[in-house]
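# Structure assessment
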Amino acid sequence: QTSNPRHKTIFLLLLFLINFTALIIANIESYKARNHPTEFHENQHVALSMLGVLELSIIGVPILFLLADFPEANFLVTSVLVALLCLLILLPTFVPKFAKRQQKTLRAKSSKFIGQTSGFNTSSLGRNSQ
């Protein structure tokens, strides 16, 4: 079976339009939800991810169409686009959470350390005064 190149083009065009429309709608909804309070302020991070995906789509898809006749370059650009897409989704979502967790851990350690040193100082002061 050989597929008709015209059908393939129509399918890819429809697929792109559906995905791009969903991306635009997601960006609009993300913008609307930017001021809703949440515990970790995830709305800002999701909006940043969505904006990055939109930008990557606007820049990357035309490059892929230009490189359609060059399979090696097309493969390389596709691989880079997929890697960037994954980074754009994962980094703004998880890095702030890990940073906040690390900050809480450091605060807990420093307060524990301060408590130990203050306890040591008061006990040593009490002994010296006797």
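See the structure printed just above.
Just so you know, these numbers come straight off a predicted model, no measurement behind them.

## Things to note about the overall build of the chain
What the chain contains, in helices and strands, is 3 helices and 0 strands. Element order for the chain, N to C, with α for helix and β for strand: α-α-α. When each of the 130 residues of the chain is scored for burial, the buried share is 13%. Restricting the contact set of the chain to residue pairs at least 6 apart, pairs at least 24 apart contribute 64%. By element, 69% of the accessible surface of the chain is carried by carbon and sulfur atoms, the whole surface being about 10600 Å².

## Quick look at the side chain of N27
Here N27 lies in helix α1 (residues 5–32). Note on N27: relative accessible area 13%, which makes it buried. Only 3.5 Å separates the side chain of N27 from the backbone oxygen of M50, close enough to count as a polar contact. From its side chain, N27 meets the backbone nitrogen of L51 in a polar contact 3.3 Å long. Setting aside residues up to four positions removed in sequence, N27 forms contacts with M50, L51 and L54.

## Some details on the pattern of salt bridges
For the structure on display, the rule yields 1 salt bridge. Among the salt bridges present, the one from E29 reaches K32, with a minimum N-O distance of 3.6 Å. Of the two residues, E29 and K32 are both situated in helix α1; the distance of 3 residues between them amounts to about one turn of the helix. Owing to a relative accessible area of 54%, K32 belongs among the exposed residues under this scheme.

## Brief notes about helix α2 (residues 42–66)
With 25 residues, α2 extends 36 Å from end C-alpha to end C-alpha; this agrees with the ideal 36 Å at 1.5 Å per step. The sharpest bend along α2 reaches about 25° and sits at S57. Those residues of α2 that sit buried are N43, H45, S49, M50, G52, V53, L54, L56 and G60.

## Examining the packing of α1 against α2
Helix packing geometry: the angle between the two helix axes and the distance between the axes. Where α1 meets α2, the closest approach of the two axes is 9 Å, and the angle between their N-to-C directions is 150°. Taken together, the axis directions place α1 and α2 in an arrangement best described as roughly antiparallel. Once α1 is placed against α2, the crossing between them reads as left-handed. In contact with F16, F20, L23, I24, A26, N27 and S30 of α1, α2 contributes N43, V46, A47, M50, L51, V53, L54, S57, I58 and V61. For the contact of α1 with α2, a count of residues per class yields 13 nonpolar, 4 polar and no charged.

## Quick notes on a nonpolar patch on the surface
Together, L76, V80, L84, L87, L91 and V95 make up an exposed nonpolar region whose accessible area comes to about 510 Å². You can see L87 is positioned in helix α3 (residues 71–129). Owing to a relative accessible area of 43%, L87 belongs among the partly exposed residues under this scheme.

## A short note on α1
A rise of 1.5 Å per residue sets the reference length of α1, with its 28 residues, at 40 Å; its end C-alpha atoms lie 41 Å apart and thus fit the reference within 8%. When we look at burial in α1, the residues that qualify are L23, N27 and S30.

Here is what the cut-offs are and how they apply
- Residues numbered from 1 in each chain as written.
- Predicted model: local features only at pLDDT ≥ 70, side-chain atom pairs only at ≥ 80, totals over all residues.
- Heavy atoms only, no water.
- Helix = DSSP H or I, 4+ residues; strand = E, 2+ residues; numbered from the N terminus.
- Buried < 20%, exposed > 50% of the residue type's maximum accessible area, 1.4 Å probe, protein only.
- Contact = heavy atoms within 4.5 Å.
- Areas by Shrake-Rupley, 256 points an atom, 1.4 Å probe, with all protein chains shown as cover.
- Polar contact = N/O pair within 3.5 Å; in protein donor to acceptor, adjacent residues only side chain to side chain.
- Salt bridge = Lys/Arg side-chain N within 4 Å of Asp/Glu carboxyl O.
- Expected span 1.5 Å × (residues − 1).
- Bend = angle between axes of the 7 residues up to and from the residue.
- Axes fitted to C-alpha atoms, helices over the stretch in contact; angles between N-to-C directions.
- Parallel < 35°, antiparallel > 145°, perpendicular 65-115°, else oblique.
- Left-handed = near helix turned anticlockwise from the far one by under 90°.
- Nonpolar A, V, L, I, M, F, W, Y, C, P; charged D, E, K, R; others polar.
- Patch = residues over 30% accessible without salt bridge, like charges linked within 9 Å, V, L, I, M, F, W, Y side chains within 5 Å.

Function cannot be read off these values alone, since they describe shape.
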